[in-house]
Amino acid sequence: MFTLPKLEYDYDALEPYIDAKTMEIHHSKHHNAYVTKLNKAIVDNGIDENLSLEELFAQMDSYPAAVRNNGGGHYNHSLLWTSLSKQTSQPGEELAQAINDTFGGMDGFHGEFTAAAMDIFGSGWAWLVVDGDKKLKIVHTPNQDNPLMNTTPAEKQGTPLLGIDMWEHAYYLKHQNDKGEWIKDFLQIIDWQKISERYAEAMK
Ligand code: MN
C-alpha cells in the first residue's frame with residue numbers, strides 16, 4: 001500500500017513563498033486524499049499491490065481513471081515536496097551546461113518554464129524533463145497526468161526533474177488569481193542540488 005511521505009521540513013519552512021496554511025492543507029488533505037484513493041482504486045480493481053507507481057504509469061492506458069488521477073496525484077506531489085528548499089542553490093555543472101545549451105541560461109529557463117505553466121488551461125502541471133534523446137525539455141500536462149504515463153502524448157513524455165503544481169489549491173490562499181506571482185515565488189525555492197541529482201540519474 002502507498003503511504004503519505006513525511007515532509008523533510010515544517011509547514012512554515014518555505015514562508016513567505018509558500019504559506020504554512022497552504023502547505024498544511026496541500027500535504028495533509030490533498031496529497032493524503034490521493035494516497036487513500038489510490039490504495040482504494042488498487043484494491044477495488046484487483047490490481048497487483050506490488051506494482052510501483054512507475055510500473056503503473058508505464059501501462060496507464062490499461063488502468064481505470066481513479067488509478068491515473070490518484071497515482072499521478074501521489075507521484076507528482078511526492079516529487080514536488082522534495083524539489084523545494086529555501087537554501088539558495090545552483091544547478092550542478094552538467095545540468096547548468098544543459099540549461100545553457102537548451103534555454104540559453106537560467107533566465108531563458110525561467111522564461112520558458114513560466115510560459116508553459118501560464119499556458120495551462122484549468123488544472124495541471126508544467127515540467128522540466130529529460131526526454132528520450134537525453135535532452136532537457138519543458139512540457140505541461142493536464143489534471144494529475146505526468147510525463148511518465150503512457151497516456152501522455154509521446155512528445156511530452158520523459159523523466160521529470162521538476163514540476164510545478166498549477167492547481168488553484170497550490171497557490172490560491174496566498175496568490176489568489178495571480179498565477180504569475182505563484183510561478184515567480186516557486187522559482188525562488190527550487191532545490192537545484194536535488195534537481196541536479198535527478199538529472200544525473202536520468203542521464204545514466
Ligand atoms: Mn496539488
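Provided above is the structure to which this section pertains.
A brief report on the enclosed structure follows. The model shown is predicted, which means the values in this text are computed figures rather than measured ones.

Overview of the packing of helix α5 (residues 106–118) against helix α7 (residues 179–188)
Next, step 1: Between α5 and α7, whose axes approach to 10 Å, the crossing angle comes to 140°. The angle between the axes of α5 and α7 places the two elements in the oblique class. The way α5 lies across α7 gives a crossing that is right-handed. Residues F109, H110, F113, T114, A117 and M118 of α5 lie in contact with α7, whose contacting residues are K179, G180, I183, F186 and L187.
Next, step 2: Considered class by class, the residues forming the contact of α5 with α7 number 7 nonpolar, 3 polar and 1 charged.

So, unusual backbone geometry
Next, step 1: The peptide bond linking E15 to P16 adopts the cis configuration, its omega dihedral lying at 0°.
Next, step 2: One can find P16 in the segment before α1 (20–44).
Next, step 3: Even without being a glycine, N143 presents a positive backbone phi close to 55°.
Next, step 4: On the secondary structure map, N143 appears in the loop between β2 (136–142) and β3 (159–165).
Next, step 5: A residue is classified by how much of its surface remains accessible, and N143, at 40% relative accessible area, is partly exposed.
Next, step 6: For Q176, which is not glycine, the phi dihedral falls at a positive 45°.
Next, step 7: Take Q176: it is sitting in the loop between α6 (172–175) and α7.

Describing the environment of I120
Next, step 1: The topology assignment puts I120 in the loop between α5 and β1 (124–130).
Next, step 2: Taking the C-alpha atoms as reference points, I120 and T141, separated by 21 residues in sequence, lie 7.8 Å from one another.

Comments concerning the pairing of β3
One face of the sheet, then the other: side chains in a regular strand alternate in exactly this way.
Next, step 1: Summarising burial for β3: 6 of the 7 residues are buried, a large majority.
Next, step 2: Of the pairings in the sheet, the one linking β1 to β3 comprises 6 bridges and is antiparallel in character. Counted as the bridge partner of A126 is I164 from β3.

So, the nonpolar core
Next, step 1: Within the largest apolar cluster, 57 residues are counted, with the highest numbers of intra-cluster contacts made by F109, L136, I164, W182 and F186.
Next, step 2: It is β1 that provides the largest number of residues to this core, a total of 6 residues.
Next, step 3: The residues touching L136, leaving out its near neighbours within four places in the chain, are L95, A98, I99, T102, F103, L128, V129, V130, L161 and Y199.

Criteria and cut-off values
Residues numbered from 1 in each chain as written. Predicted model: local features only at pLDDT ≥ 70, side-chain atom pairs only at ≥ 80, totals over all residues. Heavy atoms only, no water. Axes fitted to C-alpha atoms, helices over the stretch in contact; angles between N-to-C directions. Helix = DSSP H or I, 4+ residues; strand = E, 2+ residues; numbered from the N terminus. Parallel < 35°, antiparallel > 145°, perpendicular 65-115°, else oblique. Left-handed = near helix turned anticlockwise from the far one by under 90°. Contact = heavy atoms within 4.5 Å. Nonpolar A, V, L, I, M, F, W, Y, C, P; charged D, E, K, R; others polar. Buried < 20%, exposed > 50% of the residue type's maximum accessible area, 1.4 Å probe, protein only. Pairing = 2+ DSSP bridges. Core = buried A, V, L, I, M, F, W, Y, C linked by side-chain atoms within 4.5 Å.

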